[in-house]
Amino acid sequence: MKQTAARQDPKVPPSPTRQRVDDWRSEVSAIGAPDTLLWSADGVHIDLTNAHPGGLARLLADGDARITQLFREPAAQGRALERAAVLRRKEIELDRERGVPGCYLALGTARWGADSSGEPAAPVFLRRCRLRPTDAGARDYDVELAGQFQANPALVTYLRAVHAVDLDFDALLRLSHRGHGFDPTDAYAIIDAAAAG
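What this report covers is the structure whose coordinates are included nearby.

Procedures and definitions
Residues numbered from 1 in each chain as written. Predicted model: local features only at pLDDT ≥ 70, side-chain atom pairs only at ≥ 80, totals over all residues. Heavy atoms only, no water. Core = buried A, V, L, I, M, F, W, Y, C linked by side-chain atoms within 4.5 Å. Buried < 20%, exposed > 50% of the residue type's maximum accessible area, 1.4 Å probe, protein only. Helix = DSSP H or I, 4+ residues; strand = E, 2+ residues; numbered from the N terminus. Contact = heavy atoms within 4.5 Å. Salt bridge = Lys/Arg side-chain N within 4 Å of Asp/Glu carboxyl O. Axes fitted to C-alpha atoms, helices over the stretch in contact; angles between N-to-C directions. Parallel < 35°, antiparallel > 145°, perpendicular 65-115°, else oblique. Phe/Tyr/Trp six-rings, centres within 6.5 Å; stacked < 30°, edge-to-face > 60°. Lys NZ or Arg CZ within 6 Å of the ring centre and 35° of its normal.

Topic: the nonpolar core
Judged by nonpolar contacts, the single largest core of 43 residues is most densely connected at Ile67, Phe71 and Phe169. Elements that contribute at least two residues to this core include exactly helix 3 (67-70), helix 4 (74-98), strand 2 (104-110), strand 3 (122-133), strand 4 (141-145), helix 5 (153-163), helix 6 (169-176) and helix 7 (185-194). Not counting residues within four places of it along the chain, the set of residues in contact with Phe71 comprises Ile46, Asp47, Leu48, Ala51, Ala76, Gln77 and Ala80.

Some thoughts on the pattern of salt bridges
Inspection of the entire model under this criterion finds nine salt bridges. The salt bridge partner of Asp64 is Arg58, with a shortest N-O separation of 3.2 Å. The class of Arg58 is partly exposed, set by a relative accessible area of 36%. Between Glu144 and Arg132 there is a salt bridge, with the nearest N and O atoms lying 3.5 Å from each other. Of this pair, Glu144 sits in strand 4 while Arg132 is found in strand 3, placing the two residues twelve residues apart along the sequence. According to the relative accessible area criterion, Glu144 is partly exposed, its value standing at 28%. Taken together, the salt bridges that share partners define one network made up of Arg88, Glu91 and Arg128.

Quick word on the packing of helix 6 against helix 7
Two numbers describe how helix 6 lies on helix 7: the axes approach to 8 Å, and their chain directions differ by 150°. Overall, the two elements helix 6 and helix 7 adopt an arrangement that is roughly antiparallel. Of helix 7, the residues touching helix 6 (which contributes Phe169, Leu172, Leu175 and Ser176) are Asp186, Ala187, Ile190 and Ile191.

Observations regarding the packing of aromatic side chains
Under the counting rule described, the total for this entry stands at four aromatic pairs. When the centroid spacing of 4.2 Å and the interplanar angle of 20° are considered together, the rings of Phe149 and Phe182 count as stacked. Residue Phe149 is located in the loop between strand 4 and strand 5 (150-151), and its partner Phe182 is located in strand 7 (residues 181-182); the two are separated by 33 residues in the primary sequence. Phe182 matches Phe149 in its accessibility class, with the two residues each being buried. An aromatic cluster of at least three residues, connected via ring pairs, comprises Phe125, Phe149, Phe182 and Tyr188. Sitting over the face of the ring of Phe149, Arg127 holds its NZ or CZ atom 5.7 Å from the ring centroid.

Things to note about unusual backbone geometry
Positive phi, normally seen in glycine, also occurs at Ala138, with a value near 50°. According to the relative accessible area criterion, Ala138 is partly exposed, its value standing at 28%. Although it is not a glycine, Ala164 adopts a positive phi angle of roughly 55°. Mapped onto the fold, Ala164 is located in the loop between helix 5 and helix 6.

Below, the structure is given as structure tokens:
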């Protein structure tokens, strides 16, 4: 698959609409906190890097798994259950107070040179998920995936607006859907090549 990054000619000014959107984005960024979909935050998350392979395979293939299936070593399992409780509270808060989904499975992390906004760490692909306690005592949580993977919209916008890297993320998602599941290895290589430097 051939993929190229469309770069805007520096001699041609951006369209008035695109320029206005970029101006608004800069204004919002100036008055708000950094976008947590672009910049690393101290928020609670559960790192699945060292999850049990069987539990992780079940989650990605079947769309659900329990925390105790993902983490079988007692200390790691305890930490994951504590974080799941905090994430569940935040998920409920965001849903009730703001009407926005608050929990995602992030696959891949894009990193680049730090600037005044902080250390960049943007998820590449996201898939909506929910955490559900398995009983009243919340001794375990079901992790339930919903929908399909999507590109991180903040990363797509950042690459396009700040670096004029315009990738077809829909094509990258199609490329990543394999017979055995979702494998973004080739998509990562294309993103790396397009955003080199």
